[in-house]
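Structural overview
Each chain, written out:
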Amino acid sequence: MATNVTEKDKTLKQVIDWCKSMQADINLYLSGANWLDPVSRIVELSKGKAFGKVIEYCEAMLGYSGTMPLEVENQSEDAK
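Let me begin by describing the structure that accompanies this report. (Residues numbered from 1 in each chain as written. Predicted model: local features only at pLDDT ≥ 70, side-chain atom pairs only at ≥ 80, totals over all residues. Heavy atoms only, no water.)

**Concerning the packing of aromatic side chains**
Quick note on the threshold: For Phe, Tyr and Trp, rings pair up if their centres lie within 6.5 Å, where Trp contributes its six-membered ring, and each pair is then called stacked (planes under 30 degrees apart), edge-to-face (over 60) or tilted (otherwise). Numbering goes from the N terminus for both helices and strands, where a helix is a DSSP run of H or I of at least four residues and a strand is a run of E of at least two. Relative accessibility under 20% of the residue-type maximum defines a buried residue, over 50% an exposed one, and the middle range a partly exposed one, all with a 1.4 Å probe and only protein chains included.
On inspection of all chains with the given rule, the structure shows 2 aromatic pairs. With 5.5 Å between their ring centres and 80° between their planes, Trp 18 and Phe 51 make a pair best called edge-to-face. Of the two residues, Trp 18 sits in helix H1 (residues 5-32) while Phe 51 sits in helix H2 (residues 38-61), which places them 33 residues apart along the sequence. Arranged with centres 6.3 Å apart and planes meeting at 80°, the rings of Tyr 29 and Trp 35 form a pair that is edge-to-face. On the basis of relative accessible area, Tyr 29 is assigned to the partly exposed category, the value being 36%. For Trp 35, a relative accessible area of 63% puts it in the exposed group.

**A word on the side chain of Asp 9**
Put simply, the rule is: What qualifies as a polar contact is a pair of N or O atoms within 3.5 Å, subject to a donor-acceptor requirement within protein and to the restriction that residues adjacent in sequence count only when both atoms come from side chains. Contact between two residues is taken to exist if any of their heavy atoms lie within 4.5 Å; hydrogens are not considered.
Mapped onto the secondary structure, Asp 9 falls in helix H1. The buried category is assigned to Asp 9, whose relative accessible area is 16%. Side-chain polar atoms of Asp 9 contact the backbone nitrogen of Gly 63, separated by 2.8 Å. Those residues within four positions of Asp 9 in sequence are excluded, and the remaining contacts are Met 61, Leu 62 and Gly 63.

**Comments concerning the packing of H1 against H2**
We apply this condition: Convention adopted: a line fitted to C-alpha atoms gives each axis, helices being fitted over their contacting stretch, and angles between N-to-C directions are expressed from 0 to 180 degrees. In these notes the angle categories are as follows: under 35 degrees is roughly parallel, over 145 is roughly antiparallel, 65 to 115 is roughly perpendicular, and the rest is oblique. Take the far helix as your reference; a near helix turned counterclockwise from it by less than a right angle gives a left-handed crossing, and one turned clockwise gives a right-handed crossing. When residue character is reported, Ala, Val, Leu, Ile, Met, Phe, Trp, Tyr, Cys and Pro are called nonpolar, Asp, Glu, Lys and Arg charged, and the others, Gly included, polar.
At a closest axis distance of 9 Å, the pairing of H1 and H2 adopts a crossing angle of 160°. Between H1 and H2, the angle is such that the two are roughly antiparallel. In terms of crossing hand, the pair formed by H1 and H2 is left-handed. For the contact of H1 with H2, a count of residues per class yields 15 nonpolar, 3 polar and 7 charged.

**A word on the environment of Met 22**
Locating Met 22 in the fold gives a position in helix H1. Remark: the alpha-carbon pair of Met 22 and Gly 52, spanning 30 residues in sequence, is separated by 9.8 Å.

**Side note on H1**
To keep it simple, the criterion reads: One fewer than the residue count of a helix, multiplied by 1.5 Å, yields its expected span.
Between its first and last C-alpha atoms H1 spans 41 Å; for 28 residues at 1.5 Å apiece the expected length is 40 Å, and the two agree. Buried within H1 are the following residues: Asp 9, Leu 12, Ile 16, Cys 19, Ile 26 and Leu 30. Structurally, H1 contributes buried residues whose contacts are with H2.

Have a look at this one:
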């Protein structure tokens, strides 16, 4: 599990790269699979779109670590 934003971003980028690779494989397969019936072609195109959605979601999360509170209580030991 990622422990900080840098590690999280590294992991997200690995997922993005993998999804892009899978999309490229699907596109390559479809470019040479003229024999595919229409339903099978739609299934493969849908897989590619699903990987695209994962890419979009991961890209949206890059650098994001949640919202920061506007005010934070004094958390020092001296505060009462």
